[in-house]
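# Residue-level structural notes
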Amino acid sequence: QVQLVESGGGLVQAGGSLRLSCVASGLTSGRTFSSYVLGWFRQAPGKEREFVAGISGGGGSTDYADSVKGRFTISRDNAKNAVYLQMNSLKTEDTAVYYCAADRRTYAISSMSYEYDYWGQGTQVTVPS
């Protein structure tokens, strides 16, 4: 069973930056970390979970929600079983719990949460008004 653990959340003023990290463990033999598409999602209070960014197994392809394009950057280090989300120019509307997720079944980046099989516990990002 793949386990994902996020870190790096916190409180930051508008316009500031944060870098989220997510490390995977429990990978089954024959299945390397690079075979998983990874995504970051977020969920604000009273709202549905939404796609933020995704990255292909090799890291060559990325996708972003329109709301974060140009501000957030997703990357991965397969040697460390880690995925990152660099968040710059943060806004109050970025306040949410951020989750990393892994897709073991497909090789294309999906923005749909049901495509992802494994989820972390989430890390809170707060940008006060």
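The structure displayed is predicted, hence computed values, not measured ones. (Residues numbered from 1 in each chain as written. Predicted model: local features only at pLDDT ≥ 70, side-chain atom pairs only at ≥ 80, totals over all residues. Heavy atoms only, no water.)

## Quick notes on the overall build of the chain
- The helix and strand tally for the chain stands at zero helices and eleven strands.
- Sequence-ordered secondary structure for the chain, helices as α and strands as β, is β-β-β-β-β-β-β-β-β-β-β.
- For the chain, whose C-alpha radius of gyration is 14 Å, the value lies close to the compact-globule estimate of 14 Å for 129 residues.
- Along the first, second and third principal axes, the C-alpha atoms of the chain reach 45 × 25 × 25 Å.
- Per-residue burial over the chain gives 43% buried out of 129 residues. (Helix = DSSP H or I, 4+ residues; strand = E, 2+ residues; numbered from the N terminus. Rg over C-alpha atoms; globule rule 2.2 N^0.38 Å. Buried < 20%, exposed > 50% of the residue type's maximum accessible area, 1.4 Å probe, protein only.)

## Looking at the sheet that holds strand 8 (residues 82-87)
- The sheet built from four strands is open, its strands ordered 1-3-8-7 with antiparallel pairing. In this open sheet, the two strands that pair with only one neighbour each are strand 1 (3-7) and strand 7 (72-77). Between one strand and the next, the sheet's axes are offset by a mean angle of 15°, whatever the strand orientation.
- Pairing analysis gives six bridges linking strand 7 to strand 8, with the strands arranged antiparallel. Directly across from Arg76, in strand 8, lies its bridge partner Val83. (Pairing = 2+ DSSP bridges. Axes fitted to C-alpha atoms, helices over the stretch in contact; angles between N-to-C directions.)

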